[in-house]
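Each chain, letter by letter, is given below.
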Amino acid sequence: MPVPLFQVDAFASSFFTGNPAAVCLLDEPAEAGWMQAVAAEMNLSETAFAVPRSDGSWDLRWFTPAIEIDLCGHATLATAHALWESGRALAGGTLRFHTRSGELTAEQREGWIEMDFPSVPPTEEWAPPDLIEALDVQPTHTATNGTDWLVQLRTEAEVRAVRPDIRRLATIQCRGVIVTAEADHDTPADIVSRFFAPSAGVDEDPVTGSAHCCLGPWWSERLGRSELRGLQVSARGGEVRVRVLGDRIALGGSAVTVARGELLV
């Protein structure tokens, strides 16, 4: 039976910016092997699979082209956008998603979609030498939350200039590496970042919502503010609005649908 399929640019206000995700809206659960094959076929950083529950909430899973992951911001944003746009969810209501990272929610707020995610603050720790050498940078701080490494640099220009050795970076035992700095005064953001996850099948992720669950508490402490504007300075680029709420993080962004169709397999 055909499966509705959307391609959505998340954390984007115009086409071909932000982070593209595929969204499959299923009627019933599917086998993990099939979902992984679909994600490999889509060949985007993440493909989301949503299945409705009888109480109006949704089961949600995310796959890169190589693996299933525990948390994904942009594909959750894309899923919420697709559900509202297709009429499968009522505008103005709160969407609830059951995931490997617990229950996540999404709601429409002043033209944005705001999601409630867990905070995953990092602890300062020396990064492996291979990681720093693969990035070819001189960090001011490094930290880890057990999932990702965070590498802080001195300036926005240094973040933009990073050209990592992707093969070497793929050998580091972590989901991904966040490279970040405080934004320049003339940049319309508080912080800038990039995210590399070659071991998960994604050399550089264009905009990474889940990385801001780490960036939010890190920079909130250093800048003395609970509300931040994050700009991911990949080639496509995108803005993530962050509100630090204790052990939770509110992530805000917009999305646009690029394509609609059906999976025939």
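Bear in mind that the values here come from a model prediction, so they are computed numbers and not experimental data.

Topic: the overall build of the chain
Next, step 1: In terms of regular secondary structure, the chain is built from six helices and 18 strands.
Next, step 2: A compact globule built from 265 residues would reach a C-alpha radius of gyration of about 18 Å, and the chain, at 18 Å, matches this within 12%.
Next, step 3: Counting only C-alpha atoms and orienting by the principal axes, one finds that the chain spans roughly 55 × 40 × 30 Å.
Next, step 4: In the chain, buried positions account for 54% of the 265 residues.
Next, step 5: Nonlocal contacts in the chain, meaning residues at least 24 apart in sequence, comprise 61% of its contacts between residues at least 6 apart.
Next, step 6: Summing over all exposed atoms, the chain offers an accessible surface of approximately 11800 Å²; the carbon and sulfur share of this is 49%.
Next, step 7: Positive and negative side-chain charges of the chain, numbering 21 and 37 respectively, have mean locations separated by a distance of 2 Å.

Some remarks on the pairing of strand β13 (residues 191-197)
Next, step 1: Summarising burial for β13: seven of the seven residues are buried, a large majority.
Next, step 2: Burial along β13 is two-sided: I191, S193, F195 and A197 facing one way and V192, R194 and F196 facing the other are all buried.
Next, step 3: As defined by bridge partners, strand β12 (residues 176-182) adjoins β13 across six bridges and the pair is classed as antiparallel. Residue pairing for β13: I178 is matched across the bridge by F195.
Next, step 4: Summarising the sheet, β13 and strand β15 (residues 227-232) pair through three bridges and their orientation is parallel. Residue pairing in the sheet places V192 in a bridge with L231 of β15.
Next, step 5: Following β13, the chain reverses through four residues before pairing antiparallel with strand β14 (residues 202-205); G201 in that reversal takes a positive phi of roughly 90°.

Some remarks on the packing of aromatic side chains
Next, step 1: What the rule picks out here adds up to three aromatic pairs.
Next, step 2: Here F15 and F16 contribute two aromatic rings whose centre-to-centre distance is 6.1 Å and whose plane-to-plane angle is 45°, an arrangement assigned as tilted.
Next, step 3: Clustering of aromatic rings is evident, with ring pairs tying together W34, F49 and F63.
Next, step 4: For the cation-ring pair, R222 lies above W218, with the distance from its terminal atom to the ring centre recorded as 3.4 Å.

Observations regarding the environment of V242
Next, step 1: One can find V242 in strand β16 (residues 238-245).
Next, step 2: Setting aside its immediate chain neighbours within four residues, V242 contacts H212, G216, S226, E227, L228, I249, A250 and L251.

Points about helix α2 (residues 73-85)
Next, step 1: Here α2 spans 18 Å end to end across 13 residues, near enough to the 18 Å set by a 1.5 Å rise per residue.
Next, step 2: Here α2 lies mainly inside the structure; 12 of its 13 residues are buried.
Next, step 3: Taken as a whole, α2 has its buried residues at G73, H74, A75, T76, L77, A78, T79, A80, H81, A82, L83 and W84.

Describing helix α6 (residues 212-223)
Next, step 1: Most of α6 is tucked away, with nine of its 12 residues classed as buried.
Next, step 2: Taken as a whole, α6 has its buried residues at H212, C213, C214, L215, G216, P217, W218, W219 and S220.
Next, step 3: Backbone geometry just after α6 places G224 at a positive phi near 70°.

A few points about the environment of H212
Next, step 1: Tracing the sequence through the fold places H212 in helix α6.
Next, step 2: Overall, the relative accessible area of 0% leaves H212 in the buried class.
Next, step 3: For the pair H212 and G102, spaced 110 residues apart in sequence, the C-alpha separation works out to 17 Å.
Next, step 4: Apart from residues lying up to four places away in sequence, H212 is in contact with S193, P217, G230, Q232, V240, V242, I249 and L251.

Re a nonpolar patch on the surface
Next, step 1: The grouping of F15, F16 and V258 at the surface amounts to a nonpolar patch, some 320 Å² of accessible area in total.
Next, step 2: Here V258 is to be found in strand β18 (residues 255-263).
Next, step 3: Take V258: its relative accessible area is 31%, and that puts it in the partly exposed class.

Parameters and conventions
- Residues numbered from 1 in each chain as written.
- Predicted model: local features only at pLDDT ≥ 70, side-chain atom pairs only at ≥ 80, totals over all residues.
- Heavy atoms only, no water.
- Helix = DSSP H or I, 4+ residues; strand = E, 2+ residues; numbered from the N terminus.
- Rg over C-alpha atoms; globule rule 2.2 N^0.38 Å.
- Buried < 20%, exposed > 50% of the residue type's maximum accessible area, 1.4 Å probe, protein only.
- Contact = heavy atoms within 4.5 Å.
- Areas by Shrake-Rupley, 256 points an atom, 1.4 Å probe, with all protein chains shown as cover.
- Lys, Arg positive; Asp, Glu negative; His and termini not counted.
- Charge placed at Lys NZ, Arg CZ, Asp CG, Glu CD.
- Pairing = 2+ DSSP bridges.
- Phe/Tyr/Trp six-rings, centres within 6.5 Å; stacked < 30°, edge-to-face > 60°.
- Lys NZ or Arg CZ within 6 Å of the ring centre and 35° of its normal.
- Expected span 1.5 Å × (residues − 1).
- Patch = residues over 30% accessible without salt bridge, like charges linked within 9 Å, V, L, I, M, F, W, Y side chains within 5 Å.
- Salt bridge = Lys/Arg side-chain N within 4 Å of Asp/Glu carboxyl O.

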